[in-house]
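# Report on the structure
One-letter residues, chain by chain:
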Amino acid sequence: MSFRLPNAGCLIDRSNPVSFTFNGKPVQGYKGDTLASALMAADQRMLGRSFKYHRPRGLVASGGEEPNALMNMGEGARFEPNQRATTTEVFDGLTARSQNHWPSLNFDIGALNNRLARFFPAGFYYKTFMKPQWAWKHLFEPIIRNSAGLGQVPTERDVDRYEYFYAYTDILIIGGGVAGLEAALESGRSGAKVLLLEQSPHFGGRFMVDDIEVDGRDGPAHIAHLLAEIAKLPNVTLRARTQGAGVFDHGYALGYERLTDHAPAATPRHRLWRIRAKRIITATGALERTLNFAGNDIPGVMLASAVRDYIRLYGVTSGARTVVVTNNDDAYRTALTLYAAGLEVPAIIDARPNGGGEMSDQARALGIRIETGHGVAKVIGKKHVTAVEVCLQSGTGGAVESIACDCVAISGGFSPVVHLWSHCGGKLNWDEENAMFSPDPSRPPTDQNGEGFVLAAGTASGALGTNACISTAVTAAHQAADEVGRSIKEEAAPRLTQTPDETPMAPIWTMPAQAPYKLRSKTWLDFQNDVKVSDVQLAAREGYESVEHTKRYTTLGMATDQGKLSNINGLAVLAGALDAEIPQVGTTTFRPPYTPISLGSIAGEASGPLFKPTRKTAIDGWHKSHGAIFEPVADWRRAYAYIQAGETTQDAITREILATRGAVGLFDASTLGKIIVKGPDAGKFLDLLYTNMMSTLKPGKCRYGLMCNENGFLMDDGVVARLDEDTFLCHTTTGGSDRIHAHMEEWLQTEWWDLEVFTANLTEQFTQIVVAGPNARKVLEALGGTDVSREALPFMGFIDGKLAGIQARIFRISFSGELSYEIAVPASQGLLLWNLLLQAGADFGIAPYGTEALHVMRGEKGFVVVGDESDGTVTPHDLGMSWAVSKKKEDFIGKRGMQRSFLMAAGRKQLVGLRTLSDTEKLPESAHAVEGGKAIGHVTSTYFSPTLGHPIAMALINGGQSRMGEVLDFPVGSKVHKARVVDLVFYDKEGAQQDV
Amino acid sequence: MLLLTCPYCGVSAEETEFHGGGEAHLKRHADGSSDDAFTAYLFERKNPKGIVFERWRHVYGCGKWFHAARCAVTLEVFGTYSAQTLKPPKSIITSIKAKRPDWEEIS
Ligand SMILES: [Zn+2]
């Protein structure tokens, strides 16, 4: 059983009890407890079930590396799956539920998988579910989806807030153990700006747990001393509960701060630190490795260092009777700690033939039994440990003795946490003596100057002893301070440390050495993803030599813990099976974040209305208060139609079109791009930019133009007005204003920089209002101020003048096919003009119309819309617009591209009109034309035309121009729509309506 | 996320302030060029594992296009320079050669 000890526990406050629930049951802990330690105190040993076999699982570790104790945390809009019990601080009202079982933690149907384990070998997904093909979708996948998977997916929208924080520092230190704090103090004394991040709520790391003496102080006292010294330095910032999540290019790093997970409050929940540091010191410590023997996943088998952590930090023990199994000296600390806490240690099983050093003598002197050269053949127990069978390490697992126990503390040696060193390309060395990968200081990640910007310190650098740990931290601090231009003048006196002599560890990758299949197939490497020694060996036999391939095939190290405990053991087993050296097999790639961070923190404040700003015209408020429904167009929102009482959307569109064609309509066209191109070479430049000729345009006149990219594909269109000899105003599509302005600048700056031309994007400076319809002129005349007669202002001309006292530029251009004026005024006057036009137009039947009415009317006229009729693979020729492609110009963007053979070939899709055979059935959007079982084109625009009283459509059809009169099939679902290929222009082909 | 210095306004800024524009010093082939030359201009890029010459625009700053000489492997930046040049200036080549004596420009 596991229980709370009468004293001990330097992080908990026994005067401050905390109540929470686990699987609906009330549990009590203390302030300072993690969910893991509080559940341990409540003797809750089984905390979940494994992913594949649904085996009972309990705690293995005490920190972020924990693979098993994952919880469904919180409720409703604060529900979150896969939260680690070991990094969750308890608070009043916390709710946690265990995962991956049905119907209950104790009785689970999925555990049947465990009995069938033989049928779930490595790569079973690939092997078992290959055939028949239908079975994957209808049989296997639904079953797997129901029984596999970790936590549940949240169903409600996250109600918490998140934010970014930008920080710039000389030196960033990741890890607040002794190495990080020593480095912070030392580099802080240089005057450099230092930021230190610690993922847990407290500082000190292993110094809070292990019996270490520094300068006459014990571990916790030394940490307190360092914190007090650092507090005197205003240039050093420490941040707890903040994980150094990732290291990126040129000294960029991410910190993940958890502000309210331990104490709900109204502040943002998580804060993502976006940090630029000149130098980064990784003082991230080391993680203990598991030992590979049969049944090593049964609840009660834990890392020896974690057993010690729970006693010293939280005053809880994972067992009353603990067998320690090790291949190194560190685990003896656990035996001594257990003994000191008054707990039974029936035996220390040391796989090394000659056992350990000074601490083993201490243990022996206390009367603790030590068996050297021995190992564990298997663990006995179902839902928790009841005994271990001890055997000779060198043998095949013939048990020599069974020792009753309720906890097994294991240590397979240590692996430096090299993740952050490796994220941005830092390379590793294989340390033969300690059987671990450690950072190679000669091959660090490099910055913009080609210099290493990451320094590893403490055990994270591979310095496992206390002396080396502190001295590497001091050295790293000096180097970092030097490199940021803040050299340390006074050398601090070296620390005097007292630590016992240790005997080298022995690499033990399987226990016992000759374990037969029966044992290896019950020996877990990756607890979370249920990968066993036998799985990795099978993968090797099946030809998987690359560690990256083996990872994907067996799923080793692919779970939410990313193999923090399993990586090296898995590599070693793979190397053994391939008969290769471990460094030759290599590691898998370490990728950020170090442990999972919330999606909310990555989004920051960019959610809901802040996700993307909405651009609104000066008249937007009027639209909104007059029944407009909006559609997004690029970043803008535009009025789609104005719905009046009792109208459907279609009713409104029909009314708006008939009013415009019959009387006069009013349209907010302000979103169109308006770019000024000015300079002595402006005409020459526009000739290069547009497919047609612009330099011949006379001042005061407008010309419609097309723009292509170098491929010869249409990218934008619009009306160009020549304001004077040197100045053009280029209108672009709504989505094109920024893009086309950038396109112009790119060519001006990078190809034709000899041209004397300037551009300015004035899109938002002007409101542009369309007055279109037979009564349009009467409305403008009612406002007065400028002669807008046919003689003074002919079609495709423009004029600068006043309308009702407002300075305006009035264009005679038309996208509706009606008599049409486009009036540009300063944006500040836009709403005023709109209201004046409405007043003046009241007697003439004026009606505002939205973008859908605009689209239908242009469809009736056969005008194209870039992005509807074109999709980035369409040339002007395909659209029947060869008239707008100059044959005279020597060069323009896209000229050479259009001459490519496949763009000149016959049979390309060409734009045509479509007339449905039925007068009531509109063609569906994007419907494909099918001929002889093959798609020969598709509908690009489709509308019901109220003007004509029947549906109309445009389509890109293979060789469309030569198919006039043909009837094509458009099958959609079980229905086949039929439409005749006709001319594009359905309404007023002569253009009589617009040129009056 | 890279740090780059705009040679026009002198600002050293985060990569998110810039917009990448691919390989620099492409020769434009227009009317009259062969199919091969034109295809190469449109689509074929050197993409060396090592030193690259890239186009960038200081899009959330001064708006100017410039070029950067950078190692795609170590992320070292050897310099940024005006986009209005047909080949990297001597000073850039010198600073590359100083660190990478064996480097040869791919033509
Ligand atoms: Zn700039």
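Quick note: structure is the one above.
Residues numbered from 1 in each chain as written. Chains lettered and ligands numbered in written order. Predicted model: local features only at pLDDT ≥ 70, side-chain atom pairs only at ≥ 80, totals over all residues.

Turning our eyes to something else, we now look at the overall build of chain B. Across its full length, chain B carries two helices and six strands. Ordered by position in the sequence, the α and β elements of chain B form the string β-β-β-α-β-β-β-α. Contacts spanning at least 24 positions in sequence make up 47% of the contacts within chain B whose residues lie at least 6 apart. (Helix = DSSP H or I, 4+ residues; strand = E, 2+ residues; numbered from the N terminus. Contact = placed C-beta atoms within 7 Å.)

In this section: the overall build of chain A. Looking only at helices and strands, chain A has 26 helices and 52 strands in total. Its C-alpha atoms give chain A principal-axis dimensions of roughly 115 × 70 × 55 Å. The burial tally for chain A puts 52% of its 996 residues in the buried class. In chain A, once contacts between residues fewer than 6 apart in sequence are set aside, the share between residues at least 24 apart is 66%. (Buried ≥ 20, exposed ≤ 12 C-beta atoms within 10 Å, placed from the backbone.)

All right, on to the environment of Ile 51 of chain B then. Residue and element names in this part refer to chain B. Structurally, Ile 51 is set in strand 4 (residues 51–57). By the C-beta count within 10 Å, which is 22 here, Ile 51 ends up buried. Expressed as a C-alpha distance, the spacing of Ile 51 and Phe 78, which sit 27 residues apart in the sequence, is 9.0 Å. Setting aside anything within four residues of it in sequence, one finds Ile 51 in contact with Ala 69, Cys 71, Ile 96, Arg 100 and Trp 103.

Looking down a regular strand, the side chains alternate between one sheet face and the other. All names here are of chain A. Judged from the six bridges that link them, strand 51 (residues 967–972) and strand 52 (residues 975–982) form a sheet pairing that is antiparallel. Across the sheet, the residue bridging to Leu 968 is Ala 979, located in strand 52. Where strand 51 folds back onto strand 52 in an antiparallel hairpin, the turn is made up of two residues, including Gly 973, whose phi is positive at roughly 60°. (Pairing = 2+ DSSP bridges.)

Here we come to the pairing of strand 2 (residues 13–22) of chain A. Bridge count between strand 2 of chain A and strand 3 (residues 25–31) of chain A: seven bridges; the pairing is antiparallel. What sits directly across from Pro 17 of chain A, in strand 3 of chain A, is Tyr 30 of chain A.

Within a beta sheet, neighbouring strands are joined by backbone hydrogen bonds and run either parallel or antiparallel to one another. Residues and elements named next belong to chain A. As summarised here, the arrangement of the five strands in space is 3-2-8-6-7, forming an open sheet in which the pairing is mixed. Both outer strands of the open sheet, strand 3 and strand 7 (80–84), are each paired with one neighbouring strand and no more. The sheet shows a mean angle of 45° between the axes of neighbouring strands, taken without regard to direction. (Axes fitted to C-alpha atoms, helices over the stretch in contact; angles between N-to-C directions.)

Before going further, it helps to examine the interface of chain A and chain B. The interface is formed by 20 residues belonging to chain A together with 21 residues belonging to chain B. Contributing elements (two or more residues each) for the side of chain A that touches chain B: helix 21 (737–750) and helix 25 (895–898) of chain A. Sort the elements by how many residues they give to the side of chain A that touches chain B and helix 21 of chain A lands first, with four residues. For the side of chain A that touches chain B, a count of residues per class yields three nonpolar, eight polar and nine charged. (Nonpolar A, V, L, I, M, F, W, Y, C, P; charged D, E, K, R; others polar.)

Residue and element names in this part refer to chain A. Relative orientation of the contacting elements helix 5 (residues 178–188) and helix 11 (residues 466–483) amounts to 35°, with a least axis distance of 8 Å. Pair helix 5 / helix 11 crosses with right-handed handedness. Contacts between helix 5 and helix 11 involve Val 178, Ala 179, Glu 182, Ala 183, Glu 186 and Ser 187 on the former and, on the latter, Cys 469, Ile 470, Ala 473, Val 474, Ala 476, Ala 477, His 478, Ala 480 and Ala 481. Taken together, the residues of the contact of helix 5 with helix 11 break down into eleven nonpolar, two polar and two charged. (Left-handed = near helix turned anticlockwise from the far one by under 90°.)

Here we take up the sheet that holds strand 26 (residues 407–411) of chain A. All names here are of chain A. If you walk across this open sheet you meet the five strands as 18-26-20-21-22, and the pairing is parallel. The sheet is open, and its two borders are formed by strand 18 (301–303) and strand 22 (370–372), each paired with just one other strand. When the angles between neighbouring strand axes are averaged without regard to direction, this sheet yields 20°. Where strand 20 (residues 322–326) lies against strand 21 (residues 348–350), three bridges are found, and the strand directions are parallel. Residue pairing across strands places Val 324 opposite Ile 348, the latter belonging to strand 21. Contacts from helix 8 (residues 330–340) reach strand 20, strand 21 and strand 26, with the element oriented near 165° to strand 20.

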